[in-house]
Amino acid sequence: MSNTSKKIAVFPGSFDPITLGHVDIINRALPLFDTIIIAIGSNATKNHMWSLRDRKIAIETLFKNNDAIKVAAYEGLTATFCKSQGAQFIVRGLRNSTDFEYEQTIAQANDKVNGIDSVFIISNPEYGFISSSIVRDIARNGGDYSKLVP
Ligand code: ADP
């Protein structure tokens, strides 16, 4: 394990766009780590609504006064990105059992293959229904999604 003195976590996601659910997880993860890297993954198979640049600027603007938060974009495996950053942890939010089922095997593989531990934070019931895809649906149809995003 590198950087044993500093606890560095990566919070990976598409953030297309960042929602109040993401912000809640980030705020609750902050006391646990010295640094959290919000990492925007580019997934070639996903169609994005907001450009990588716009998503990155939105997140940077939101957390510009917090030195413990960094924002980065990456391609490929999250675990490889973690190693490049000296991060020992991955933070993920869990909204429901579907999230859990999906995350469990990935977390087990990341631990076994890369020695990276995943830390899960259960969503706040107030935000558990929020997803970026719901925001995109509302946006695509001209609705008001302002109560779901920061
Ligand atoms: P991904 O495409 O990797 O799921 P997302 O941007 O959708 O990326 O989500 C990033 C992380 O944030 C995931 O761990 C996801 O479970 C979590 N998350 C998303 N929305 C919420 C929410 N409303 N409450 C708690 N966690 C959430």
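Residues numbered from 1 in each chain as written. Predicted model: local features only at pLDDT ≥ 70, side-chain atom pairs only at ≥ 80, totals over all residues. Heavy atoms only, no water.

## So, the overall build of the protein chain
Right, on to step 1. Across its full length, the protein chain holds 5 helices and 5 strands.
Right, on to step 2. Scanning the protein chain from its N terminus toward the C terminus, one meets helices and strands in the order β-α-β-α-β-α-β-α-β-α.
Right, on to step 3. A globule of 150 residues ought to have a C-alpha radius of gyration of about 15 Å, and the protein chain, at 15 Å, matches this closely.
Right, on to step 4. Across the 150 residues in the protein chain, those meeting the buried criterion constitute 41%.
Right, on to step 5. Separation between the mean location of the 16 positive side-chain charges and that of the 15 negative ones in the protein chain comes to 3 Å. (Helix = DSSP H or I, 4+ residues; strand = E, 2+ residues; numbered from the N terminus. Rg over C-alpha atoms; globule rule 2.2 N^0.38 Å. Buried < 20%, exposed > 50% of the residue type's maximum accessible area, 1.4 Å probe, protein only. Lys, Arg positive; Asp, Glu negative; His and termini not counted. Charge placed at Lys NZ, Arg CZ, Asp CG, Glu CD.)

## Re the environment of Leu-148
Right, on to step 1. With respect to the helices, strands and loops of the structure, Leu-148 is situated in the segment after helix H5 (132–140).
Right, on to step 2. Put simply, Leu-148 and Val-135 are 13 residues apart on the chain and 7.2 Å apart in space, counted from C-alpha to C-alpha.
Right, on to step 3. When neighbours within four sequence positions are excluded, Leu-148 is seen to be in contact with Thr-19, Leu-20, Phe-129, Ile-130, Ile-134, Val-135 and Ile-138. (Contact = heavy atoms within 4.5 Å.)

## So, the sheet that holds strand E1 (residues 8–13)
The pairing of strands in a sheet happens through backbone hydrogen bonds and is either parallel or antiparallel.
Right, on to step 1. Judged by pairing direction, the sheet is parallel, and its 5 strands sit side by side in the order E3-E2-E1-E4-E5 without closing on themselves. The open sheet is flanked by strand E3 (69–75) and strand E5 (117–122), the only strands paired with a single partner. Neighbour-to-neighbour, the strand axes of this sheet turn through a mean angle of 30°, independent of strand direction.
Right, on to step 2. For strand E2 (residues 35–42) and E3, the ladder comprises 7 bridges, and the chain directions are parallel. Within E3, the position partnered with Ile-37 by the bridge is Lys-70.
Right, on to step 3. Along the sheet face, helix H1 (residues 20–29) touches E1, E2, E3, strand E4 (89–94) and E5 and points at about 120° away from the line of E5. (Pairing = 2+ DSSP bridges. Axes fitted to C-alpha atoms, helices over the stretch in contact; angles between N-to-C directions.)

## Considerations on the packing of aromatic side chains
Right, on to step 1. Going through the model one piece at a time under the given rule, you end up with 4 aromatic pairs.
Right, on to step 2. Between Tyr-74 and Phe-81, the ring centres sit 4.8 Å apart and the planes meet at 25°, which makes this aromatic pair stacked. The pair Tyr-74 / Phe-81 is uniform in exposure class, with both members buried. (Phe/Tyr/Trp six-rings, centres within 6.5 Å; stacked < 30°, edge-to-face > 60°.)

## Quick notes on the site of the ligand
Right, on to step 1. In the vicinity of the ligand, 16 residues are found, and the nearest of them are Ser-14, Lys-46, Gly-93, Tyr-127 and Ile-130.
Right, on to step 2. Note that an oxygen atom of the ligand is positioned 3.0 Å from one of the backbone N or O atoms of Phe-15.
Right, on to step 3. With the chains in place, 88% of the 550 Å² that the ligand exposes on its own is no longer accessible.
Right, on to step 4. Classifying every residue of the shell around the ligand gives 6 nonpolar, 6 polar and 4 charged. (Near = heavy atom within 4 Å. Polar contact = N/O pair within 3.5 Å; in protein donor to acceptor, adjacent residues only side chain to side chain. Areas by Shrake-Rupley, 256 points an atom, 1.4 Å probe, with all protein chains shown as cover. Nonpolar A, V, L, I, M, F, W, Y, C, P; charged D, E, K, R; others polar.)

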